[in-house]
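Architecture and fold: a report
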Amino acid sequence: MKNKTTHSPESLVRRIILSLSLVFFISFSAPVVAEYGDVVINKRAEKEGMRPVIFPHWFHRIRFRCKVCHNELGFKMRAGGNDITMGEITEGKYCGMCHNGEISWTIENCDLCHSGLPGLKSAIHGSNETSGPGRW
Ligand code: HEC
Ligand code: HEC
Ligand code: HEC
């Protein structure tokens, strides 16, 4: 017996093609280096001969509580709102609190942070909000 909600093979194929092209569209329309929600930090990096820093905010947000960074480590909640120097990071502040070879890999991995394309401005890409499970 056939009920109304059963999809015909054609409509199934159309759906698959539609979702595939959506995936294509999204991956090709996204910025090359910065993913949705990534923060570019480039107040001084490029002036000092390094590539802009790309900070994957979501990647960190799902691993740590907001207050770890925005309270205890003193990161202001504004893209471009912090004055961070490499010297401070090396001394164990900001990113250096964790990228120290214990909680995460060390700051010797320059390219993992200084990964932005030249010319990127300090900003958050997309939005800091989500409708997904990480909503706050
Ligand atoms: C864990 C992430 C991270 C790693 C690893 C890292 N940096 Fe940085 N670096 C930053 C951030 C964040 C800034 C601040 C960027 C800004 O405001 O423009 C910065 C800034 C800088 C600056 C700008 C001038 C200054 O003194 O602040 C230089 C130069 C620099 N880094 C060099 C390096 C070198 C060389 C390495 C590898 C030995 C390295 N960084 C590794 C995150 C990192
Ligand atoms: C691992 C550290 C870390 C964690 C955890 C973290 N953030 Fe952030 N957040 C940052 C950094 C670094 C920036 C960028 C600051 C800059 O550009 O100077 C930022 C930027 C922001 C901004 C500014 C975005 C804008 O549009 O300007 C907001 C809002 C924010 N965070 C909210 C949150 C919330 C809410 C959580 C928890 C769900 C969270 N953050 C967890 C480090 C973190
Ligand atoms: C509260 C701790 C903490 C702070 C602060 C922190 N990180 Fe991380 N970060 C981590 C951990 C943990 C990982 C995962 C490392 C792993 O998989 O070994 C990570 C991974 C990363 C990655 C790799 C993401 C990926 O896709 O694999 C980048 C890039 C990065 N951090 C940059 C930064 C920058 C830039 C800052 C400062 C603005 C920063 N982090 C501050 C803990 C932190």
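Rules used throughout
- Residues numbered from 1 in each chain as written.
- Chains lettered and ligands numbered in written order.
- Predicted model: local features only at pLDDT ≥ 70, side-chain atom pairs only at ≥ 80, totals over all residues.
- Core = buried A, V, L, I, M, F, W, Y, C linked by C-beta atoms within 7 Å.
- Buried ≥ 20, exposed ≤ 12 C-beta atoms within 10 Å, placed from the backbone.
- Helix = DSSP H or I, 4+ residues; strand = E, 2+ residues; numbered from the N terminus.
- Contact = placed C-beta atoms within 7 Å.
- pLDDT = per-residue confidence, 0-100.
- Pairing = 2+ DSSP bridges.
- Near = placed C-beta within 6 Å.
- Nonpolar A, V, L, I, M, F, W, Y, C, P; charged D, E, K, R; others polar.

1. Focus on the nonpolar core
- One finds V39, V40, I41, A45, V53, I54, F55, Y94, C95, C113 and L120 forming the largest nonpolar core, which totals 11 residues.
- When residues of this core are traced back to their parent elements, those giving at least two are strand 1 (38-41) and strand 2 (53-56).
- Residues in contact with L120, not counting those within four places in the same chain, are V40, N42 and P52.

2. A word on the confidence of the model for the protein
- When pLDDT is averaged along the protein, the result is 81, and 69% of the positions lie at 70 or above.
- By mean pLDDT, the top-scoring element of the protein is helix 4 (residues 86-90) (97), and the lowest-scoring one is helix 1 (residues 9-29) (60).
- Scored below 50 in pLDDT, residues 26-32 shows 3 contacts in the model against residues more than four places distant or in partner chains.

3. Considerations on the environment of R78
- Mapping R78 onto the fold places it in the loop between helix 3 (66-72) and helix 4.
- Residue R78 is classed as exposed on the basis of its C-beta count, with 10 C-beta atoms lying within 10 Å.
- As for R78 and A123, which are separated by 45 residues in sequence, their C-alpha atoms are 8.7 Å apart.

4. Examining the sheet that holds strand 3 (residues 123-124)
- Read across the sheet, 3 strands follow the order 2-1-3 without closing on themselves; strand pairing throughout is antiparallel. With one partner strand each, in any of the chains shown, strand 2 and strand 3 form the two edges of the open sheet.
- Alignment of strand 1 against strand 3, held across 2 bridges, turns out to be antiparallel. Residue pairing for strand 3: V39 is matched across the bridge by I124.

5. Brief notes about the site of ligand 3
- In the vicinity of ligand 3 lie 20 residues, with F55, C95, C98, S104 and C113 positioned nearest.
- Every element with two or more residues in the shell around ligand 3 is listed here: strand 2, helix 2 (57-61), helix 3 and helix 5 (110-113).
- Ranked by residue count, the leading element in the shell around ligand 3 is strand 2, at 3 residues.
- Partitioning the shell around ligand 3 into residue classes produces 16 nonpolar, 3 polar and 1 charged.

6. Re unusual backbone geometry
- A positive phi angle, close to 45°, is found at Y94, a residue other than glycine.
- Looking at the secondary structure, you find Y94 in the loop between helix 4 and helix 5.
- A tally of 20 C-beta atoms within 10 Å means that Y94 is categorised as buried.

7. Observations concerning the pairing of strand 1
- Burial of strand 1 is two-sided: the residues D38 and V40 facing one way and the residues V39 and I41 facing the other way are all buried.
- Direction of pairing for strand 1 relative to strand 2: antiparallel, over a ladder of 4 bridges. Paired with D38 across the strands is P56, a residue of strand 2.

8. Topic: the environment of R44
- Residue placement: R44 occurs in the loop between strand 1 and strand 2.
- Since 14 C-beta atoms lie within 10 Å of it, R44 is described here as partly exposed.
- Placed 39 residues apart in sequence, R44 and D83 show a C-alpha to C-alpha distance of 9.0 Å.

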